[in-house]
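# Remarks on the overall topology
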Amino acid sequence: MADASKRPEWNDYFLDISKAVGKRSTCLRRKYGAIIVKDKIIISTGYNGAPRGEANCIDTGLCERQRLGIKPGQNYELCVAVHAEQNAIINGDPEKMKGATAYIVGYNADGTLASGKPCLLCRRMLRNAMLDKVIYLESDGSTVEVAPKDIK
């Protein structure tokens, strides 16, 4: 990220905000934050957690996928959480999202960086929301910038 004595570049600025949004996450395994930005204006934010009005994993102390020993990236249907980028899309104005950029940052429970690469379902949702770009931090700290249709 940028030197503290200088203003951060826009991508670093928005990735830092995504990280802050992720601190609201209610997941026991990982904390993700996502924001959607257009013309350098934040349109929407989202973090991973249970649907509105439902019990969160941090409140119940139970992660069903963790209890069953399910590996990351598998059996999402057993998780109660809505992903950060899904929440950002749900919370945003569809007209404003056309041509926008999603920024995604994730951290593991132990504080180490997790890949912000969207899962297959989130990739579809990002394309359907008509976003132009996705910018996320990889687990090694590198920044990835890609069109939603090109995420592999």
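Residues numbered from 1 in each chain as written. Predicted model: local features only at pLDDT ≥ 70, side-chain atom pairs only at ≥ 80, totals over all residues. Heavy atoms only, no water.

An unreviewed UniProt entry annotates the chain as Cytidine deaminase of Anaerovibrio lipolyticus. UniProt, in the comment section headed Cofactor (unreviewed entry), describes the chain in these words: "Zn(2+)". We quote the UniProt Sequence similarities (unreviewed entry) comment for the chain here in full: "Belongs to the cytidine and deoxycytidylate deaminase family." (UniProt positions renumbered as here; feature names shortened; annotations may be inferred.)

Before going further, it helps to spend a moment on the UniProt feature "active site" (unreviewed entry) in the chain. If you check UniProt for "active site" (unreviewed entry), the listed places come out as E85 in our numbering. Along the chain, E85 turns up in helix α4 (residues 84-91). Residue contacts for E85: discarding those within four places in its chain leaves A34, I104, P118, C119, C122 and L126. (Helix = DSSP H or I, 4+ residues; strand = E, 2+ residues; numbered from the N terminus. Contact = heavy atoms within 4.5 Å.)

Counting 18 residues, the largest nonpolar core has I36, I89, M97, I104, L126, L131 and V134 as the members making the most contacts within it. If you list the elements that add at least two residues to this core, you get β1 (30-38), α4, β3 (101-108) and β5 (133-137). (Core = buried A, V, L, I, M, F, W, Y, C linked by side-chain atoms within 4.5 Å. Buried < 20%, exposed > 50% of the residue type's maximum accessible area, 1.4 Å probe, protein only.)

Moving on, we come to helix α1 (residues 10-22). Owing to its 3.6 residues per turn, the α-helix aligns residues three or four sequence positions apart on the same side. Between its first and last C-alpha, α1 extends 18 Å over 13 residues, near the 18 Å set by a 1.5 Å rise per residue. Among the residues making up α1, those that are buried are D12, F14, L15, I17, S18, V21 and G22. For α1, the elements touching its buried residues are β1, β2 (41-47), β3, β5 and β6 (143-146). (Expected span 1.5 Å × (residues − 1).)

Running from N to C, α4 and helix α6 (residues 120-128) point in directions that differ by 25°, and their axes come no closer than 9 Å. It follows that α4 is roughly parallel to α6 by the angle criterion. Note on packing geometry: the crossing formed by α4 with α6 is left-handed. The residues of α6 that touch α4, namely those facing E85, Q86 and I89, are L121, C122, M125 and L126. Across the contact of α4 with α6, the residue classes tally to five nonpolar, one polar and one charged. (Axes fitted to C-alpha atoms, helices over the stretch in contact; angles between N-to-C directions. Parallel < 35°, antiparallel > 145°, perpendicular 65-115°, else oblique. Left-handed = near helix turned anticlockwise from the far one by under 90°. Nonpolar A, V, L, I, M, F, W, Y, C, P; charged D, E, K, R; others polar.)

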